[in-house]
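Chain residues, written in single-letter form:
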Amino acid sequence: MDLNEFKGKKLVHSAVVVLYEQLSDSLILTQRSEQLRTHPGEICFPGGIWEEGDDNYCVTALRELQEELGITPERITLIKELNTQKTLLGSIIHPWFASIESVKPYQLNYHEVVRLISIPMVLVQDAKNYKDFIIERAGRRYVTCEFTANKDWVWGATARIMKQLAK
């Protein structure tokens, strides 16, 4: 059995940077552009699909961080790899927890992201701010997760990745 296939479909692997900003004691997320083909307008971590030439998923995450926010790898301190997450569409996300003193200066790539979102770590780390809920897709029901302590709806794999930082 091919580990890169699921129900006959090729699995898509992507990587994200779960970025902790020291200056504000916050977790940094982005809102995806409405023009994107997949997950338009959703709240997520900087990141994207593994590409030929990326040595590993960490390289993918750092390349995408630079593409989306103009933040170079030299400014980042990698802390650890978090548990992978699978999306409802069958993609595998490889999250890397990292820190940065300050995200400023940054430059949004408006083709991919339209804004930066900063969520205080005290909220991210509070397990009471996560709630499971059921979503239906293609006639099937799935249990997923949402982060409830923010005005923007953070759910699915992004919320499950955040929940790994909860106490």
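- Under an unreviewed UniProt entry, the chain has the name NUDIX domain-containing protein and belongs to Fluoribacter gormanii.

**Some thoughts on the packing of aromatic side chains**
- Overall, the coordinates contain four aromatic pairs when judged by the stated rule.
- Aromatic side chains Phe133 and Trp153 sit 5.9 Å apart centroid to centroid with 45 degrees between the ring planes, which places their arrangement in the tilted category. With Phe133 in strand E11 (residues 130-137) and Trp153 in the loop between strand E12 (140-147) and strand E13 (154-155), the pair connects residues that are 20 residues apart, well separated along the chain.
- We classify Phe133 as buried; its relative accessible area is 17%.
- Overall, the relative accessible area of 46% leaves Trp153 in the partly exposed class.
- Through pairs of rings, three or more aromatic residues link up here, namely Phe133, Trp153 and Trp155.

**Remarks on the pairing of strand E4 (residues 26-32)**
- Among the seven residues that make up E4, seven are buried, leaving the element largely enclosed by the rest of the structure.
- Every second residue of E4 is oriented toward a common face, with Ser26, Ile28, Thr30 and Arg32 on one face and Leu27, Leu29 and Gln31 on the other, all of them buried.
- Direction of pairing for strand E3 (residues 13-21) relative to E4: antiparallel, over a ladder of three bridges. Bridge assignment links Tyr20 to a residue of E4, and that residue is Leu27.
- Linkage of E3 to E4, two consecutive antiparallel strands, is achieved through a turn of four residues, within which Asp25 is found at a positive phi near 50 degrees.
- Here E4 runs beside strand E10 (residues 113-120); their pairing, made up of seven bridges, is antiparallel. When the sheet's bridge partners are listed, Thr30 is paired in E10 with Leu116.

Cut-off values and rules
- Residues numbered from 1 in each chain as written.
- Predicted model: local features only at pLDDT ≥ 70, side-chain atom pairs only at ≥ 80, totals over all residues.
- Heavy atoms only, no water.
- Phe/Tyr/Trp six-rings, centres within 6.5 Å; stacked < 30°, edge-to-face > 60°.
- Helix = DSSP H or I, 4+ residues; strand = E, 2+ residues; numbered from the N terminus.
- Buried < 20%, exposed > 50% of the residue type's maximum accessible area, 1.4 Å probe, protein only.
- Pairing = 2+ DSSP bridges.

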